[in-house]
Amino acid sequence: EPEVTQTPSHQVTQMGQEVILRCVPISNHLYFYWYRQILGQKVEFLVSFYNNEISEKSEIFDDQFSVERPDGSNFTLKIRSTKLEDSAMYFCASRGLAGSYNEQFFGPGTRLTVL
Amino acid sequence: GESVGLHLPTLSVQEGDNSIINCAYSNSASDYFIWYKQESGKGPQFIIDIRSNMDKRQGQRVTVLLNKTVKHLSLQIAATQPGDSAVYFCAEAASNDYKLSFGAGTTVTVRA
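What you see is a predicted model; the values in this text were computed from it and never measured. (Residues numbered from 1 in each chain as written. Chains lettered and ligands numbered in written order. Predicted model: local features only at pLDDT ≥ 70, side-chain atom pairs only at ≥ 80, totals over all residues. Heavy atoms only, no water.)

A. Examining the overall build of chain B more closely. In terms of helices and strands, chain B carries zero helices and eleven strands. If you list the helices and strands of chain B from N to C, you get β-β-β-β-β-β-β-β-β-β-β. Radius of gyration (C-alpha) of chain B: 13 Å, near the 13 Å computed for a compact globule of 112 residues. With the principal axes as the frame, chain B shows a C-alpha extent of 45 × 30 × 20 Å. Going through the 112 residues of chain B one by one, you find that 42% of them count as buried. Taking all contacts inside chain B whose residues are at least 6 apart in sequence as the whole, residues at least 24 apart take part in 52%. Of the roughly 5400 Å² of accessible surface on chain B, 45% is carried by carbon and sulfur atoms. Taking the average place of the 10 positive charges on the side chains of chain B and the average place of its 10 negative ones, the gap between the two points comes to 2 Å. (Helix = DSSP H or I, 4+ residues; strand = E, 2+ residues; numbered from the N terminus. Rg over C-alpha atoms; globule rule 2.2 N^0.38 Å. Buried < 20%, exposed > 50% of the residue type's maximum accessible area, 1.4 Å probe, protein only. Contact = heavy atoms within 4.5 Å. Areas by Shrake-Rupley, 256 points an atom, 1.4 Å probe, with all protein chains shown as cover. Lys, Arg positive; Asp, Glu negative; His and termini not counted. Charge placed at Lys NZ, Arg CZ, Asp CG, Glu CD.)

B. Structural detail: the environment of histidine 10 of chain A. Residues and elements named next belong to chain A. Mapped onto the fold, histidine 10 is located in strand β2 (residues 10-13). Once the C-alpha coordinates of histidine 10 and glycine 109 are considered, the two residues, 99 residues apart in sequence, prove to be 8.5 Å apart. Side chain to side chain, histidine 10 and threonine 113 meet in a polar contact 3.1 Å long. (Polar contact = N/O pair within 3.5 Å; in protein donor to acceptor, adjacent residues only side chain to side chain.)

C. Spotlight on unusual backbone geometry. A cis geometry characterises the amide bond from threonine 7 of chain A onward to proline 8 of chain A, with omega recorded as -10 degrees. The residue proline 8 of chain A is located in the loop between β1 (5-7) and β2 in this model. For arginine 61 of chain B, which is not glycine, the phi torsion reads 65 degrees and is therefore positive. Secondary-structure assignment places arginine 61 of chain B in the loop between β6 (56-58) and β7 (62-67). Even without a glycine there, the phi angle at lysine 71 of chain B is positive, about 55 degrees. Among the secondary structure elements, lysine 71 of chain B is positioned in the loop between β7 and β8 (72-77).

D. Examining the interface of chain A and chain B more closely. Of the residues lining the interface, 18 residues belong to chain A; the matching set on chain B comes to 20 residues. Taking both partners together, chain A and chain B bury about 1700 Å²; carbon and sulfur atoms supply 56% of that area. At the junction of chain A with chain B, the criterion picks out one salt bridge. Between glutamate 56 of chain A and lysine 99 of chain B there is a salt bridge whose closest N-O contact spans 2.7 Å. Put simply, chain A and chain B have four residue pairs in polar contact (both at pLDDT 80 or more) between them. A total of three residues in the side of chain A that touches chain B trace back to one element, the largest contributor, which is strand β4 (residues 31-37) of chain A. Each residue belonging to the side of chain A that touches chain B can be placed in one class, and the counts come to eight nonpolar, six polar and four charged. (Buried area = accessible area lost by both parts, 1.4 Å probe. Salt bridge = Lys/Arg side-chain N within 4 Å of Asp/Glu carboxyl O. Nonpolar A, V, L, I, M, F, W, Y, C, P; charged D, E, K, R; others polar.)

E. Representation of the pairing of strand β11 (residues 110-114) of chain A within the structure. Residues and elements named next belong to chain A. Residues Thr110, Leu112 and Val114 point to one face of β11 and are all buried, whereas Arg111 and Thr113, pointing to the other face, are not buried. Examined bridge by bridge, β2 and β11 share four bridges and lie parallel to one another. Along β11, the bridge assignment pairs glutamine 11 with leucine 112. Summarising the sheet, strand β9 (residues 88-95) and β11 pair through three bridges and their orientation is antiparallel. If you follow tyrosine 90 over to β11, its bridge partner there is threonine 110. (Pairing = 2+ DSSP bridges.)

Structure follows, in structure tokens:
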């Protein structure tokens, strides 16, 4: 069964450092998303991406964040200068068909710890 | 602001009993609703979804009910099993963007 994969599973970084979180969405999917979940809290939407551009972004997704689909398979989230409050689980998700109701498949997440 | 929320943060249920998890939503523009299950250390796993033109949908051992009048969503799990122990989130989306807004989650614990 196809699945979304994410690497690394756990990333530890120093405050102020740049991190790149990587995702490989399901191969024939068209829509890509990043969400985050601070420990013990609900999952929060960060950004959606379609046709090589951002469709929508939340207030959390400020100019320290960026996304990229550098090739036909990877989808990355970059945080330029990490802050302590960026510590969270980051989930990538993808969705298939345009214009229809269908589920978003989530990856297993990357746990980001900022020290 | 508008948000999706759950009525109870925790639910303890005897193995074999039925579970009901509730969720309230307030965004009238939402027309697609989903239940996700999240086990410790894993990403959300799709359980079942429902569109706003329906009021009930059944899956394997699960049923989702949607009451648009009072903006209420529920998930019923029949014959709850130990493997059903997890955090359950409802989420809503509007068909123009499909970004998901999640509720706070209900932790279900199944007692043997």
